[in-house]
Amino acid sequence: MRLDIISIFPEYFTPLDVSLIGKARERGTLDVRVHQLRDWTHDVHKTVDDTPYGGGPGMVMKPEVWGEAIDAVIGDGTPRMIVPTPSGRPFTQELAQELAEEPWLLFACGRYEGIDARVMAEYATRLRVDEVSIGDYVLAGGEVAVLVMVEAIGRLLPGVLGNAQSAVDDSFAPGSMRNLVEGPVYTKPPVWRGHEVPAVLMSGHHGKVARWRRDEALRRTVQNRPELAAALDPGTLDKHDRKLLEELSFRVEPEDMAN
Ligand code: ADE
């Protein structure tokens, strides 16, 4: 997969040299190219922004410099273009999976109040353009959001994770535990500072371990993500799930109402 990132702070992307993503780059699974937007300015100050039409605080990134930069980076190619912005569509595991199937992504990092909207309009005539938000909070620019997205996408590429099952078991990944967050995990030693590992995990009984993991996932989802628990499809809940949710005083639709 090829990834191009255009930003006025290329230094932000040094984390992409290390760990899973760094190794994927060394192996050639990922071809990451970071570009300095200011390389496409023509004035001595390398200006990338100007005051907003209509007034208001802050500055807006100029369309000409973005146009020249994107044209130079993509040539005749047609990457999918992602513009990180708090006003974009939410970045989810589902979108990460969709983007992991693309051969080429272009990330355009805005700063200040954002990029002149005509840039997105112009490239939307030729490319698939998505404005994407990583959460309901405002960062100082798109760079950290791109790091988040690249890590989430990169680890889904074939051969990037050591153990292919780890992506399958992720919270939010499709499957039987879909829409539940993952429960707690343990390793050796069996007792640490008086805290014991739950006995069932050392029982070797796969069925009981799976049931315990599902219980813990349900518990954590109710505790930490009540909105996810409320959105669970009642048709996916068995008798045991229902009993546990009742113990947690969490209301579910009666079984005969399910589907
Ligand atoms: N830029 C600033 N805040 C952002 C957010 N929450 N998501 C994506 N890009 C951003």
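Remember, predicted model here, so these are calculated numbers, not experimental data.

With that out of the way, let us pick up the pairing of strand E2 (residues 31–36). Taken together, the six bridges between strand E1 (residues 2–7) and E2 define a ladder with parallel strand orientation. Residue pairing across strands places Ser 7 opposite Gln 36, the latter belonging to E2. In this region the chain leaves E1, passes through helix H1 (residues 19–27) and returns to the parallel neighbour E2; the handedness of that crossover is right-handed.

Let us look at the UniProt feature "binding site: S-adenosyl-L-methionine" (unreviewed entry) in the chain. Residues given the UniProt feature "binding site: S-adenosyl-L-methionine" (unreviewed entry) here are Gly 110, Ile 134, Gly 135, Asp 136, Tyr 137, Val 138 and Leu 139. From the set just named, the residues that line the second largest pocket comprise Gly 110, Ile 134, Gly 135, Tyr 137, Val 138 and Leu 139. Locating Asp 136 in the fold gives a position in the loop between strand E7 (129–133) and helix H5 (143–154). Under the relative-accessibility criterion, Asp 136 is labelled exposed at 84%. Of note, Tyr 137 is situated in the loop between E7 and H5. By relative accessible area, which is 44% here, Tyr 137 ends up partly exposed. At 3.1 Å, the side chain of Tyr 137 and the backbone oxygen of Ile 134 are in polar contact.

This next bit is on the layout of surface pockets. Roughly 400 Å³ of volume is contained in the second largest pocket. Forming the walls of the second largest pocket are 24 residues, and the residues nearest its centre are Pro 84, Thr 85, Pro 86, Glu 113 and Gly 114. It is strand E5 (residues 80–90) that contributes the most residues to the lining of the second largest pocket, five residues altogether. Across the lining of the second largest pocket, the residue classes tally to 13 nonpolar, eight polar and three charged.

Glancing now at the nonpolar core. Counting 31 residues, the largest nonpolar core has Phe 91, Phe 107 and Ile 153 as the members making the most contacts within it. Every element with two or more residues in this core is listed here: E1, H1, helix H3 (93–100), strand E6 (104–108) and H5. Ranked by residue count, the leading element in this core is H5, at seven residues. In terms of nonpolar packing, the next biggest core, distinct from the first, is built from 22 residues, Met 61, Ala 69, Val 73 and Trp 104 among them.

Residues in close proximity to the ligand include Pro 84, Thr 85, Pro 86, Val 132, Ser 133, Ile 134, Gly 135, Tyr 137, Val 138, Leu 139, Gly 141 and Ala 145, which together make up its full environment. Between Ile 134 and the ligand, the recorded distance is 3.0 Å, taken from a backbone N or O atom to a nitrogen atom. Between the ligand and the protein, one listed contact pairs a nitrogen atom with a backbone N or O atom of Tyr 137 at 2.8 Å. In isolation the ligand exposes 260 Å². Once the protein is present, 97% of that is buried. Placement of the ligand is best described as lying within the second largest pocket. Secondary structure elements with two or more residues in the shell around the ligand: E5 and E7. Top contributing element to the shell around the ligand by residue count: E5, with three residues.

Our focus in this paragraph is the packing of helix H7 (residues 206–224) against helix H9 (residues 239–247). For the pair H7 and H9, interaxial distance at closest approach is 10 Å and the crossing angle is 40 degrees. Of the possible angle classes, the one that applies to H7 and H9 is oblique. Along this stretch, H7 crosses H9, giving a crossing that reads as right-handed. Across the interface between the two elements, Arg 211, Arg 214, Asp 215, Leu 218, Arg 219 and Val 222 of H7 pack against His 240, Asp 241, Leu 244 and Leu 245 of H9.

What counts and what doesn't
Residues numbered from 1 in each chain as written. Predicted model: local features only at pLDDT ≥ 70, side-chain atom pairs only at ≥ 80, totals over all residues. Heavy atoms only, no water. Pairing = 2+ DSSP bridges. Helix = DSSP H or I, 4+ residues; strand = E, 2+ residues; numbered from the N terminus. Right-handed = clockwise from strand over helix to strand, strands pointing away. UniProt positions renumbered as here; feature names shortened; annotations may be inferred. 1 Å grid on protein atoms, 1.4 Å probe; cavity = no way out; pocket = protein on both sides within 12 Å on 5 of 7 lines; lining within 4 Å. Buried < 20%, exposed > 50% of the residue type's maximum accessible area, 1.4 Å probe, protein only. Polar contact = N/O pair within 3.5 Å; in protein donor to acceptor, adjacent residues only side chain to side chain. Points joined across faces, edges and corners; volume = space filled by probe spheres on them. Nonpolar A, V, L, I, M, F, W, Y, C, P; charged D, E, K, R; others polar. Core = buried A, V, L, I, M, F, W, Y, C linked by side-chain atoms within 4.5 Å. Near = heavy atom within 4 Å. Areas by Shrake-Rupley, 256 points an atom, 1.4 Å probe, with all protein chains shown as cover. Sits in = over half its atoms within 2 Å of the grid points. Axes fitted to C-alpha atoms, helices over the stretch in contact; angles between N-to-C directions. Parallel < 35°, antiparallel > 145°, perpendicular 65-115°, else oblique. Left-handed = near helix turned anticlockwise from the far one by under 90°. Contact = heavy atoms within 4.5 Å.

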